[in-house]
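Here is what each chain is made of, one letter per residue.
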Amino acid sequence: MENLNYKHLQYFWAVARTGSVTRAAEQLDVSMQTISGQIAKLERQLGRALFRQQGRGLELTEAGRLALSYADRIFMLGAELEEAMADEQLDQIQRLAAGVSDVLPKHIASRLLQPALPAESGQLRLSCSEGDFDELIGELGRHKLDLVLADRPVASSEQQQFQSWLLLRCPVQLLANPALRERYQPGFPASLRQAPLLMPSRDNMLRRQLEHWFESQGLRPRVVGECDDYALMETFARQGLGLCPAPFLPDEDNGPPGLEGIGALDGIWEHYYVSASRRKLQHPSLLAILQAWA
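Below: a short report on this structure. (Residues numbered from 1 in each chain as written. Predicted model: local features only at pLDDT ≥ 70, side-chain atom pairs only at ≥ 80, totals over all residues. Heavy atoms only, no water.)

**Regarding the overall build of the protein chain**
Let me state the cut-off plainly: Numbering of helices and strands runs from the N terminus; a helix is a DSSP stretch of H or I covering at least four residues, while a strand is a stretch of E covering at least two. Only C-alpha atoms enter the radius of gyration, while the globule expectation follows 2.2 Å times N to the 0.38, with N the number of residues. Think of it in three bands: residues with accessible area under 20% of the maximum for their type are buried, residues over 50% are exposed, and the middle band is partly exposed, with areas taken using a 1.4 Å probe on protein chains only. Pairs of residues are marked as contacts when any of their non-hydrogen atoms sit within 4.5 Å. To measure how exposed things are, a 1.4 Å probe is used in the Shrake-Rupley method; for residues, cover is taken only from the protein chains shown.
When helices and strands are tallied, the protein chain shows ten helices and ten strands. For the protein chain, the C-alpha radius of gyration of 27 Å lies well beyond 19 Å, the compact-globule estimate for 294 residues. Along the first, second and third principal axes, the C-alpha set of the protein chain runs to 85 × 45 × 40 Å. Within the protein chain, the proportion of its 294 residues that are buried is 41%. Restricting to contacts in the protein chain with at least 6 residues of sequence separation, those with at least 24 account for 73%. When the accessible surface of the protein chain is summed, it comes to about 16,600 Å², and 48% of that surface belongs to carbon and sulfur atoms.

See the structure below:
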């Protein structure tokens, strides 16, 4: 297939959005014959009809709806490009696209990123994406992200393309709302037998440690919920659904609002890593984070 003609795609996009060749011609200030001819060329190139006649108007075919979804993204990116190029501070602004694994507590993610944030506002444009670790590493490989924060390093099979550094080890404690804390703190940890427990999902690195710890203590709490997201797990704990494990920074005096510590889980640690493409090891934000934490 020959290279896509974006002028043809723009004419198609205008007709699809306005629902009329006439309105699209007025919007683009070209003749109706020009638009019809260019769309016909696009349809021949793609090998698909994009519109069908519906009464006096046009409606999109299934191929047309698919083409429209791509056209929307293409021209949205074009508008973003124009906006970015028009930024008067383009050459003075440092940009950081950070991926944050959805298992990371938000307050720890923000602390890990803090060294990359300049003292003066406006010097860094930060973009944060949250998601599954493997998806974020995929985005890192496509150079859509500059770095990824997660509870694990990249796999050994990916170390030729990426590099990971351990930034922080955090002890883990159990949190509860005041009512459950009053009930289960006395006699901790023996008091946890049959206690309602909120757990990370099974693909979370912390889950295996917790299961081993409870087994070593001879305890079998009741798992009442599983969550990928720490913030959601803390919300359920705040409502009294159960106790929840959470990493904590020793220099933090207060836990999450509405939750209080029951006790530390000795020997359990959460590990937090930053991963980056080997092509971007000199990114200023990555260097600032490594200097502060690694």
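**A look at the nonpolar core**
Stated precisely, the cut-off is as follows: As used in this record, nonpolar core signifies buried Ala, Val, Leu, Ile, Met, Phe, Trp, Tyr and Cys residues forming a set joined through side-chain atoms within 4.5 Å.
Ranked by internal contacts, the top residues of the largest apolar core, which has 27 residues, are Leu174, Leu192, Trp213, Leu243, Leu265 and Ile268. Mapped onto this core, the elements with two or more residues apiece are strand 6 (162-176), helix 7 (178-184), strand 7 (196-200), helix 8 (205-216), helix 9 (230-238), strand 9 (244-247) and strand 10 (260-277). Core analysis: the next-biggest nonpolar cluster, separate from the first, contains 24 residues, Ile108, Ala109, Tyr272 and Ile289 among them.

**A closer look at unusual backbone geometry**
Following Phe188, the chain continues to Pro189 via a peptide bond in cis, the omega torsion being 5°. Looking at where Pro189 falls in the secondary structure, it is placed in the loop between helix 7 and strand 7. Here Asp29, not a glycine, exhibits a phi torsion of approximately 60°, which is positive. One can find Asp29 in the loop between helix 2 (21-28) and helix 3 (32-46). You can call Asp29 exposed: its relative accessible area is 69%.

**Some words on the pattern of salt bridges**
This is how the line gets drawn: For this document, the term salt bridge refers to a Lys or Arg side-chain nitrogen within 4 Å of an Asp or Glu carboxyl oxygen.
Per the counting criterion, the structure on display carries eleven salt bridges. Note that Arg142 and Glu139 form a salt bridge whose closest N and O atoms lie 2.6 Å from each other. For Arg202, the salt bridge is made with Glu211, and the minimal N-O distance between the two is 2.9 Å. Given the relative accessible area of 55%, Arg202 is considered exposed. Taking the relative accessible area as the measure of exposure, Glu211 reaches 32% and is therefore partly exposed. Salt bridges sharing common partners tie together Arg202, Arg207, Glu211 and Glu226.

**A few points about the sheet that holds strand 5 (residues 147-150)**
Just so we agree on the cut-off: Pairs of strands are assigned from DSSP output, requiring at least two bridges between the strands. To define axes, lines are fitted to C-alpha atoms, for helices over the stretch in contact only, and angles between the resulting N-to-C directions are given on a 0 to 180 degree scale.
With mixed pairing, six strands are arranged side by side in an open sheet as 4-3-5-10-6-9. Each of the sheet's edge strands pairs with one partner strand only, and the pair in question is strand 4 (124-131) and strand 9. Here the strands of the sheet are splayed against their neighbours by 25° on average, with no regard to which way each runs. Sheet analysis places strand 3 (residues 94-101) next to strand 4, joined by eight bridges and oriented parallel. Residue Gln94 lies in a different strand from strand 4, and its bridge partner there is Leu124. Packed onto the sheet, helix 8 meets strand 6, strand 9 and strand 10 and runs at close to 155° relative to strand 10.

**Describing helix 2**
Rule in force here: Here, the arc refers to the directions that run from the helix axis to the C-beta atoms.
Those residues of helix 2 that sit buried are Val21, Ala24 and Ala25. End-on view of helix 2: buried residues confined to an arc of 100°, all on one side of the axis. Turned more than 90 degrees from where helix 2 packs its buried face, Glu26 and Gln27 sit exposed. In this structure, the buried side of helix 2 is in contact with helix 1 (6-18), helix 3 and strand 2 (57-60).

**Some remarks on a negative patch on the surface**
Spelled out, the test is: Note on patches: the residues involved have over 30% relative accessible area and no salt bridge, like charges join within 9 Å, and the nonpolar side chains Val, Leu, Ile, Met, Phe, Trp and Tyr join within 5 Å. Working convention for charge: Lys and Arg count positive, Asp and Glu count negative, and His plus the chain ends are omitted. For charged residues, the charge sits on one atom: NZ in Lys, CZ in Arg, CG in Asp, CD in Glu.
A surface patch of like charges, here negative, comprises Asp134, Glu135, Asp203 and Asp228. For Asp228, the location among the structural elements is in the loop between strand 8 (222-227) and helix 9. The partly exposed category is assigned to Asp228, whose relative accessible area is 40%.

**Quick word on the packing of aromatic side chains**
Note the following rule: Here a Phe, Tyr or Trp ring, Trp counted by its six-membered ring, pairs with any other such ring whose centre lies within 6.5 Å, and the pair is stacked when the planes are under 30 degrees apart, edge-to-face when over 60, and tilted otherwise. Here, over-ring charges are defined by two tests on the NZ atom of lysine or the CZ atom of arginine: distance to the ring centre within 6 Å, and angle to the ring normal within 35 degrees.
One pass over the full model with this rule turns up three aromatic pairs. Measuring from centroid to centroid gives 5.4 Å for Phe12 and Phe51, while their planes differ by 55°, and the two rings are tilted. Taken together, the residues Phe12 in helix 1 and Phe51 in strand 1 (residues 51-54) connect sequence positions 39 residues apart. By relative accessible area, Phe12 is classed as buried at 0%. A cation over an aromatic ring shows up here: Arg73 above the ring of Tyr70, its NZ or CZ 4.6 Å from the ring centre.

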